[in-house]
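Residues per chain, in single letters:
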Amino acid sequence: MRVILLGPPGAGKGTQCENIVQRYDIRHLSSGDILRGERAAGSELGKKAQSYMDSGALVPDDLIIEMMIKAIKSAEKGYILDGFPRTVVQAEALDKALDAAGEKVDAIVNLEVDDEVIIERLTGRRIAPKSGRVYHIKYNPPKEDNKCDETGEELIQREDDKPEVVKNRLKTYHDQTEPVLGYYRNTGKNIIDVRADQDIEKVTSSIFDELDKVDK
Ligand code: AP5
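In what follows, the accompanying structure is described. (Residues numbered from 1 in each chain as written. Predicted model: local features only at pLDDT ≥ 70, side-chain atom pairs only at ≥ 80, totals over all residues. Heavy atoms only, no water.)

### Description of helix 7 (residues 163-186)
- Between the first and last C-alpha of helix 7 there are 34 Å, a value that for 24 residues agrees with the 34 Å anticipated at 1.5 Å per step.
- Taking the largest bend as the criterion, helix 7 deviates by roughly 40°, centred on H174.
- Where helix 7 is concerned, the buried positions are V165, V166, R169, L170, T172, Y173, T177, V180, L181, Y183 and Y184. (Helix = DSSP H or I, 4+ residues; strand = E, 2+ residues; numbered from the N terminus. Expected span 1.5 Å × (residues − 1). Bend = angle between axes of the 7 residues up to and from the residue. Buried < 20%, exposed > 50% of the residue type's maximum accessible area, 1.4 Å probe, protein only.)

This is the structure we're talking about:
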């Protein structure tokens, strides 16, 4: 199964992907996680991406498209795309690559949540750098204070979760990423809209109800 997960920063894309990849046995391809991995490794791509990410702007399309098409080609059993495509240019490039491979996306899940909720979610988010697990100090706390349930490693706050950067990321989302949804609606793709301001478990079960129909 091939799925695209759309939604503003902090909508819960990473959180939901943890559950989705287990149920459907597909790969989680997160453009943000791949970029953070490149930065941690000190690669050329990571260095080029750094200043854009730290300010809440988008990394240039050509860099992202090459990186994500390569990732998609390595996921033969299927995948869920998290954070890509994020511009209409990226969506067009993805369509072109899928057409060339004779493949298609089975569903687009669109997480809907208002800006005020996002600000609270992102400022309270904590992540485990090694396992990649996502927590929230109030809504999804770890069992032991500030430690990952899986690895026991110390949790950290992402640099781009500072309030002033969150504001820029939201503006970038409304200006450049919302049009991607319009692009897909115009092409008649299977779009599943999900209210993401409910409890994490409720959001997961709404997504499973719809993806189970696709994964026959
Ligand atoms: P990226 O890492 O993709 O960040 P993002 O899209 O802004 O998404 P987030 O990871 O912040 O949020 P999320 O939706 O995954 O929410 P989460 O599950 O963590 O991108 C980072 C940067 O990389 C970009 O700014 C850009 O510079 C660059 N980049 C990446 N892709 C790019 C592309 N395609 N093109 C160009 N540049 C690109 O949840 C958030 C918090 O809320 C957590 O604490 C969680 O526990 C909590 N939570 C989740 N769901 C719920 C719920 N239902 N109720 C209560 N709390 C909840």
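Resuming the write-up.
### Points about the packing of helix 6 (residues 115-123) against helix 7
- Running from amino to carboxyl end, helix 6 crosses helix 7 at an angle of 135°, the nearest separation of the two axes being 10 Å. Between helix 6 and helix 7, the angle falls in the class oblique. For helix 6 against helix 7, the interelement crossing comes out right-handed. Of the residues in helix 7, those in contact with D115, I118, I119, L122 and T123 of helix 6 are P163, V166, R169, L170 and H174.
- Residues that form the contact of helix 6 with helix 7 fall into these classes: 6 nonpolar, 2 polar and 2 charged. (Axes fitted to C-alpha atoms, helices over the stretch in contact; angles between N-to-C directions. Parallel < 35°, antiparallel > 145°, perpendicular 65-115°, else oblique. Left-handed = near helix turned anticlockwise from the far one by under 90°. Contact = heavy atoms within 4.5 Å. Nonpolar A, V, L, I, M, F, W, Y, C, P; charged D, E, K, R; others polar.)

### Quick word on the sheet that holds strand 7 (residues 191-195)
- On the basis of which strands lie adjacent, the open sheet formed by 5 strands has the order 2-3-1-4-7 and parallel pairing. With one partner strand each, in any of the chains shown, strand 2 (27-30) and strand 7 form the two edges of the open sheet. The sheet shows a mean angle of 20° between the axes of neighbouring strands, direction not considered.
- As judged from the 4 bridges shared by strand 2 and strand 3 (residues 79-82), these two strands associate in the parallel manner. Looking at the pairing, S30 lines up with D82 of strand 3.
- Most of the contacts of helix 2 (residues 31-41) go to strand 2, to which it runs at about 70°, and overall it touches strand 2 and strand 3. (Pairing = 2+ DSSP bridges.)

### A word on helix 4 (residues 61-73)
- For helix 4, built from 13 residues, the straight-helix expectation of 18 Å at 1.5 Å per residue is met to within 8% by its first-to-last C-alpha distance of 18 Å.
- Those residues of helix 4 that sit buried are L63, I64, I65, M67, M68, I69, A71 and I72.
- Residues of helix 4 that are buried in the fold lie against strand 2, helix 2, helix 3 (44-55), strand 3 and helix 5 (88-101).

### Some thoughts on empty space enclosed by the protein
- Summed over all chains, the structure comprises 1 cavity of 30 Å³ or more.
- As a volume, the largest cavity reaches approximately 40 Å³.
- Of the residues contributing to the lining of the largest cavity, the split by class is 3 nonpolar, 3 polar and 1 charged. (1 Å grid on protein atoms, 1.4 Å probe; cavity = no way out; pocket = protein on both sides within 12 Å on 5 of 7 lines; lining within 4 Å. Points joined across faces, edges and corners; volume = space filled by probe spheres on them.)

### Concerning the pattern of salt bridges
- In total, this model carries 18 salt bridges according to the counting rule given.
- Two residues, R39 and D54, come together in a salt bridge whose shortest N-O distance is 3.1 Å. A residue pair is termed long-range when its members are at least 10 positions apart, and R39 in helix 2 and D54 in helix 3 qualify at 15 residues.
- Accessibility expressed as a relative area gives 27% for R39, which makes it partly exposed.
- Note on D54: relative accessible area 33%, which makes it partly exposed.
- Note that K104 is salt-bridged to D106, the shortest N-O span being 3.5 Å.
- Taking the relative accessible area as the measure of exposure, K104 reaches 55% and is therefore exposed.
- Relative accessible area serves as the criterion here: at 23%, D106 is assigned to the partly exposed category. (Salt bridge = Lys/Arg side-chain N within 4 Å of Asp/Glu carboxyl O.)

### Here we look at the site of the ligand
- In the vicinity of the ligand there are 36 residues, among which T15, A57, R86, R125 and R169 approach most closely.
- One nitrogen or oxygen atom from the side chain of R86 is found 2.7 Å from an oxygen atom belonging to the ligand.
- R158 places a polar side-chain atom, nitrogen or oxygen, 3.0 Å from an oxygen atom of the ligand.
- The fraction of the free accessible surface of the ligand (1100 Å²) that becomes covered by protein chains is 97%.
- Contributions of two or more residues to the shell around the ligand are made by helix 1 (13-24), helix 2, helix 6 and strand 6 (134-136).
- Among the elements that take part in the shell around the ligand, helix 2 stands out by supplying 4 residues, more than any other.
- Residues that form the shell around the ligand fall into these classes: 16 nonpolar, 11 polar and 9 charged. (Near = heavy atom within 4 Å. Polar contact = N/O pair within 3.5 Å; in protein donor to acceptor, adjacent residues only side chain to side chain. Areas by Shrake-Rupley, 256 points an atom, 1.4 Å probe, with all protein chains shown as cover.)

By themselves, these observations are geometric and do not establish any function.
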